[in-house]
Amino acid sequence: MARFDRYLIGQLMVLFGFFSLVLVGVYWVNRAVILFDDLVADGHAASIFLEFTLLWLPKVIALVLPMAAFAATVYVINRLAGESELTVMQATGFSPWRIARPVALFGLIVASLMAVLTNFLVPAAEAELDRREAEISASVSARLLREGTFLHPTGGVTFYIREITPEGALRDVYLSDRRRADRPVTYTAERAFLVRDGESAQLVMVDGLAQTLEAGAQRLSVTRFAEFSYDVSRLIAAARPARDRRSHLPTLTLLRDPAGVAERIGTSTARVLEEAHMRLQQPLLAVVAALIGAATLLAGGFSRMGLGPQMALAVLFLVVVKMIEGALGNLVQSVARAWPAVYLPSVAGLAIAGALLAFAARTRRRPAASEGAAA
């Protein structure tokens, strides 16, 4: 590798790491707030919150890497232009194609990282996340231990806790069981405790009363109790099994037998093929983003106003690539034979970058030719 290539790739990798950390941090904070409210506030331990955020990170990283590659490329090229390094390179005979070569190598490095994420880490993390969500959904503590909220864990049952003390005691408990329409029962207690016994969970209520309404006789019976045990595990539906999804399966499995996978998980062959090829196409977007960023700035030439307009144009080109991807989404998901269209956004992006580099090379030759004619 030439010294210039090593120098530029080194600059790009440093800025790429910085922008990746910033973007991942922004996405992580937004997601962490939601997870914190859903998990920790519902009575789960902080370790569960940490586990879920770690399982969510591979997908976030794969999402932000093309944006980080684009931002790093634009920043480095803009800095080279601002410090006249780009002018020196061009004066020594470096064509736009030559300057874009290390950018393409940098894009391939990022694409390799993304390929590992999209084809291995993200499917494995999503499968594990779905399995853990299935386990959490059956947690009695998560479904019932919420302060100040009327809960309906199953049809005909209402449950309320005014306060949960640091010691785990439940204050002012209300439980209405209307599953038998002819004999609804309402339990109230000053205190209660949730006691686990193997697979079952008992709500032990202290100093309360049970009000039973016999609908046929229109008679209300009130029973006071010092201690009463109620099996709340019956209120929680059985955990849904963690089933296979196309996003959970390895890429090779999706490509080898798309029809069999589609039949097994209850979807169409077109969607299976779209999932598999999207995992291969997404890494290419890193190369496209880096090349579009560099080519747009190189095609803009020198300007005393800076390269702000060229940066805006580069963003617009990326938006066009994403619009093409979105426009083809319905076609690819509905027609199995249309899977090659998955790669059209990357092809279009590379074509845009190539056209910009060709334009930049042609505009550089024109002044040189004019100077030779004048001489």
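Higher on the page you've got the structure.
Everything numeric here is computed off the predicted structure, so don't read it as measured data.

1. Some thoughts on the environment of Gln202
Working step 1: Inspection of the secondary structure puts Gln202 in strand 4 (residues 200-214).
Working step 2: Looking at Gln202, the relative accessible area reads 21%, which means it is partly exposed.
Working step 3: Between the C-alpha atom of Gln202 and that of Asp231, which follows or precedes it by 29 residues, the distance is 4.6 Å.
Working step 4: A polar contact of 3.0 Å, which involves the side chain of Gln202, links it to the side chain of Ser229.

2. Description of the side chain of Glu274
Working step 1: Position of Glu274 relative to the elements: it lies in helix 8 (residues 269-300).
Working step 2: Among residues more than four places away in sequence, those in contact with Glu274 are Arg246, Val332 and Gln333.

3. Re the nonpolar core
Working step 1: Among the nonpolar cores identified, the biggest contains 50 residues, and Phe16 and Phe106 are the most heavily contacted of them.
Working step 2: Taken together, the elements giving at least two residues each to this core come down to helix 1 (3-38), helix 2 (46-82), helix 3 (85-91), helix 4 (96-137), helix 8, helix 9 (308-334) and helix 10 (344-374).
Working step 3: By residue number, the principal contributor to this core is helix 8, which donates 13 residues.
Working step 4: If near-sequence neighbours (up to four positions away) are discounted, Phe106 is found in contact with Leu12, Met13, Phe16, Ala69, Ala72, Thr73 and Ala290.
Working step 5: Listed in part, the 18 residues of the second largest apolar core include Val157, Val173, Ala189 and Leu203.

4. Here we look at the pattern of salt bridges
Pairing between side chains of opposite charge can happen when the charged atoms of each approach one another.
Working step 1: Counted by the stated rule, this structure contains 16 salt bridges.
Working step 2: Taking the shortest distance from any N to any O, the salt bridge between Glu51 and Arg132 comes out at 2.8 Å. Residue Glu51 is located in helix 2, and its partner Arg132 is located in helix 4; the two are separated by 81 residues in the primary sequence.
Working step 3: In this structure, Asp177 engages Arg179 in a salt bridge whose closest nitrogen and oxygen atoms are separated by 2.9 Å.
Working step 4: Judged by relative accessible area, Asp177 falls into the buried class, the value being 13%.
Working step 5: By relative accessible area, Arg179 is classed as partly exposed at 39%.
Working step 6: Among the ionic contacts, a cluster of salt bridges with common partners joins Arg246, Glu274, Glu275 and Arg279.

Conventions we followed
- Residues numbered from 1 in each chain as written.
- Predicted model: local features only at pLDDT ≥ 70, side-chain atom pairs only at ≥ 80, totals over all residues.
- Heavy atoms only, no water.
- Helix = DSSP H or I, 4+ residues; strand = E, 2+ residues; numbered from the N terminus.
- Buried < 20%, exposed > 50% of the residue type's maximum accessible area, 1.4 Å probe, protein only.
- Polar contact = N/O pair within 3.5 Å; in protein donor to acceptor, adjacent residues only side chain to side chain.
- Contact = heavy atoms within 4.5 Å.
- Core = buried A, V, L, I, M, F, W, Y, C linked by side-chain atoms within 4.5 Å.
- Salt bridge = Lys/Arg side-chain N within 4 Å of Asp/Glu carboxyl O.

By themselves these figures say nothing about function.
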